[in-house]
Amino acid sequence: MKRDLLTVNDFSREEIHALFERSATLKEERRKGIQHLPLKGKTLGMIFNKHSTRTRISFEAGMFELGGHALFLTGDQLQLNRGETIKDSARVLSRYLHGILIRTYDHDEVIALAEHATIPVINGLTDRNHPLQILADIFTIKEKLGRIEGVKVAYVGDGNNVAYSWMMGASLMGMHLVIACPESCRPAADSNLDKNAKVEIVDDPFDAVKKADIIYTDVWISMGDEKDAAIKKKHLLPYQINQKLVDAAKKDVMVMHCLPAHREMEITAEVLDSKRSIVFDQAENRLHVQKAILEKLLSPSRP
Ligand code: CP
Ligand code: NVA
């Protein structure tokens, strides 16, 4: 049976641990120049209805490194955006490809694509979720701290798709997540959290960062949210990651941002470029974790 990755919850905790082991191996082998081509002859179709630097390029490079091919498809060049149904598109694409990556607005569109496709569908970001990001982020935390369970993450900023996937990821992996955001920017509540999940939402960013291992933020204005930009910026001003906030956390706290960053908005350049920042390791790990995901979903010999 084909497997999809639409939300973090599509994998079990055990599968994620195994995925991280594999990601570490792939990272190390890449460093040593060891070639590994399990996806020879396989093609991933990548539908992008929104901009991307990291997701697009790391998938394209990742497929190439695994011996496969990635096809970049922009929504406006597909019949899908001229009225061909998702169901018909899914059936046709399933005859040509071995997997589909999709970045779009409406999460339900991705659910429908997965339902009608006979090949794995990977969510490359929707208005609701960004599972690939959170999996790479948790891998990065494990790499830096040597542990996942019990790690305290303070997410400060907009309660968007990344915050929502963080709620799922933290819940699934036994982490302690505190989201600090204004009332108007809170993430959606119905996230299928584990009943023992340690996920809190607070108003005060200084409360959130107390004893945190990680301070995390994302853009204030996500793709598709441009119409609310002025009001969001106003409400989110006290939630900027700056030196004062970092100084209120543990001495060895690490700062993460999924990127792209808007310097002097959600994060100051001083913090982003400081030694506490691990944002570029985090960005690099998208490649390694996604290669392990591609192997798992597109190569039947991988458990
Ligand atoms: N973090 C992330 O998904 O980046 P892109 O939008 O550049 O893909
Ligand atoms: N929340 C951001 C993430 C970008 C990677 C957005 O959806 O635009």
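Numbers given for residues are sequential positions, taken from 1 along each chain in its written order. Here every chain gets a letter starting at A, and every ligand a number starting at 1, in the order they are written. Owing to the predicted nature of the model, reporting of local features is limited to residues with pLDDT of at least 70; listing and counting of side-chain atom pairs is limited to 80 or more, with chain, interface and lining totals taken over all residues. Derived side-chain values reflect all non-hydrogen atoms in the structure, with water molecules and hydrogen atoms excluded from consideration.

Caption draft 1: Geometry of the sheet that holds strand E7 (residues 198-202). Only when DSSP finds a minimum of two bridges between them are two strands counted as paired. Note on conventions: DSSP H or I runs of at least 4 residues are helices, E runs of at least 2 residues are strands, and numbering of each starts at the N terminus. Strand order across the open sheet formed by 5 strands is E7-E6-E5-E8-E9, with parallel pairing between neighbours. Strands with a single pairing partner mark the edges of an open sheet, and in this sheet they are E7 and strand E9 (254-257). Direction aside, neighbouring strands of the sheet carry axes that sit 20° apart on average. Note that strand E5 (residues 152-156) and strand E6 (residues 176-180) share 5 bridges and pair parallel. The residue of E6 that forms the bridge with Tyr155 is Ile179. We call two residues contacting when some pair of their heavy atoms lies within 4.5 Å. Note on geometry: axes are lines fitted to C-alpha atoms, helical ones only across the stretch in contact, with angles between N-to-C directions running from 0 to 180 degrees. Along the sheet face, helix H5 (residues 131-145) touches E5, strand E8 (214-217) and E9 and points at about 160° away from the line of E9. Seen against the sheet, helix H6 (residues 161-173) touches E5, E6, E7 and E8 and runs at an angle of roughly 160° to E6.

Caption draft 2: Looking closely at the nonpolar core. Grouping buried Ala, Val, Leu, Ile, Met, Phe, Trp, Tyr and Cys residues that are joined through side-chain atoms within 4.5 Å yields what is termed a nonpolar core. Summary of the burial criterion: residues with accessible area below 20% of their type's maximum are buried, those above 50% are exposed, and those between are partly exposed, where the area comes from a 1.4 Å probe applied to protein chains only. Residues Val153, Trp166, Met175, Leu177, Tyr216, Ile293 and Leu294 are the most contacted members of the largest nonpolar core, which totals 53 residues. Of the residues forming this core, the biggest block, 8 residues, is contributed by H6. Residues within four places of Leu177 in sequence aside, it is in contact with Val153, Tyr155, Trp166, Met167, Ala170, Lys198, Val199 and Glu200.

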